[in-house]
Amino acid sequence: LRLYQSPDLMNSAGNPVHYTGLSWAGGCDEPATDWAEPRDLPSATGAAPAMRADRFTELGGFCEPMFAYCEDTDLSLRAWQHGWRVRYVPDAVVLHYYEFSRNDLKYYLLERNRLFMILTLFQLRTLLVLSPALIGLDLVIWLMASKDGWGRQKVNGWKWLWQNRRLIRERRRELQARRTVSDHDLAWLITGDLNP
């Protein structure tokens, strides 16, 4: 995915995924020549993914409650959990009119969907091991959100998760039953570096 305004620069060469569920546009603003080789990647960008229709259907498509933000990471990680690969293909070039922006709705959806994703995709042991970091990050994000004026949106995300706890349980049960690859075997996909 290249920048429409500067086609020689990347918008995304796939999205790295942090163990807390944070994800970002990998290779953004880097020369496309630095990304000339195909490779496996944790997550395709939602702006221009391609997938066989039967595989998309088998995975259940995009998760409807996550209609924007993290839905690409969720779909990609589910593909990996099914034993499939997610590939970056440099010859498939798409120009994307990209404008980085921040607003209250975006913050709300990013945070809500990130938590929804990890609560449904990560195995219980993974969640337990990561719980100190996940809780710590969530508190830090809430403090930053309060300071920057979108604390209400962060709290509303928590409320949505609580109100939809049955949906989370059902989706979690379904996804964990269908997966064929453990979190342990997919640990190499996840980064500890936070470099959005």
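Residues numbered from 1 in each chain as written. Predicted model: local features only at pLDDT ≥ 70, side-chain atom pairs only at ≥ 80, totals over all residues. Heavy atoms only, no water.

Novice: Hey, could you run me through unusual backbone geometry in this one?
Specialist: For residues other than glycine, phi is negative in most cases, and the peptide bonds are mostly trans. Of note in the backbone geometry, D29 takes a positive phi value of approximately 70° without being a glycine. Inspection of the secondary structure puts D29 in the loop between β2 (17–18) and β3 (39–40). The backbone of Y69 sits at a positive phi, close to 75°, despite the residue not being glycine. Here Y69 lies in the loop between α1 (53–59) and α2 (71–81). (Helix = DSSP H or I, 4+ residues; strand = E, 2+ residues; numbered from the N terminus.)

Novice: Explanation requested: the environment of M117 in the structure shown.
Specialist: With respect to the secondary-structure elements, M117 resides in helix α3 (residues 104–121). Judged by relative accessible area, which is 1%, M117 ranks as buried. As for M117 and E174, which are separated by 57 residues in sequence, their C-alpha atoms are 13 Å apart. Residues within four places of M117 in sequence aside, it is in contact with G21, M66, C70, T73, D74, L77 and F122. (Buried < 20%, exposed > 50% of the residue type's maximum accessible area, 1.4 Å probe, protein only. Contact = heavy atoms within 4.5 Å.)

Novice: I would appreciate a short explanation of the pattern of salt bridges in the present structure.
Specialist: Working definition: two side chains of opposite charge can pair if their charged atoms are close together. If you walk through the whole model with that rule in mind, you get 13 salt bridges. For R85, the salt bridge goes to D40, with nearest N and O atoms at 3.1 Å. With a gap of 45 residues between them, R85 in the loop between α2 and β4 (87–88) and D40 in strand β3 connect regions that are remote in the sequence. Judged by its relative accessible area of 26%, D40 falls in the partly exposed class. Across the salt bridge formed by R114 and E111, the nearest N and O atoms sit 2.9 Å from each other. One end of the pair, R114, and the other, E111, are both in helix α3, three residues apart, so they sit about a helical turn from each other. (Salt bridge = Lys/Arg side-chain N within 4 Å of Asp/Glu carboxyl O.)

Novice: Is there a simple way to explain the packing of helix α4 (residues 124–148) against helix α5 (residues 151–163) in this structure?
Specialist: In a pair of packed helices, the angle between the axes and the distance between the axes together describe the arrangement. Following both chains from N to C, one finds α4 and α5 inclined at 140°, their axes separated by 7 Å at the closest point. Where α4 approaches α5, its residues D138, I141, W142, A145 and S146 are matched on the opposing element by G151, K154, V155 and W158. Of the residues belonging to the contact of α4 with α5, the class tally is five nonpolar, two polar and two charged. (Axes fitted to C-alpha atoms, helices over the stretch in contact; angles between N-to-C directions. Nonpolar A, V, L, I, M, F, W, Y, C, P; charged D, E, K, R; others polar.)

Novice: Is there a simple way to explain the side chain of N11 in this structure?
Specialist: Inspection of the secondary structure assignment puts N11 in the loop between β1 (2–3) and β2. On the basis of relative accessibility, which here comes to 2%, the residue N11 falls in the buried class. Not counting residues within four places of it along the chain, the set of residues in contact with N11 comprises L1, R2, L3, A25, G26, C28, H96 and Y98.

Novice: Is there a simple way to think about the state of the cysteines in this case?
Specialist: A covalent bond between the sulfur atoms of two cysteines is what we call a disulfide. Applying the stated criterion to the full structure yields zero disulfides. Take C28: it sits in no disulfide, and the sulfur closest to it among the cysteines is that of C70, at 17 Å. For C63, which is in no disulfide, the shortest distance to another cysteine sulfur is to C70 and amounts to 11 Å. By relative accessible area, which is 9% here, C63 ends up buried. (Disulfide = S-S within 2.5 Å.)

Novice: Hey, could you run me through the packing of aromatic side chains in this one?
Specialist: The geometry of two aromatic rings is summed up by the distance between their centres and the angle between their planes. Enumeration over the complete set of coordinates arrives at six aromatic pairs. Ring geometry for W80 versus W188: centroids 5.4 Å apart, planes at 90°, classification edge-to-face. Of this pair, W80 sits in helix α2 while W188 sits in the loop between α7 (183–186) and β6 (190–191), and the two are 108 residues apart along the sequence. According to the relative accessible area criterion, W188 is exposed, its value standing at 53%. A cation sits over an aromatic face here: R55 above W84, 4.2 Å from the ring centre. Positioned above the aromatic ring of W160, the side-chain terminus of R112 is 4.1 Å from the ring centre. (Phe/Tyr/Trp six-rings, centres within 6.5 Å; stacked < 30°, edge-to-face > 60°. Lys NZ or Arg CZ within 6 Å of the ring centre and 35° of its normal.)

Shape is all these values report; function is a separate question.
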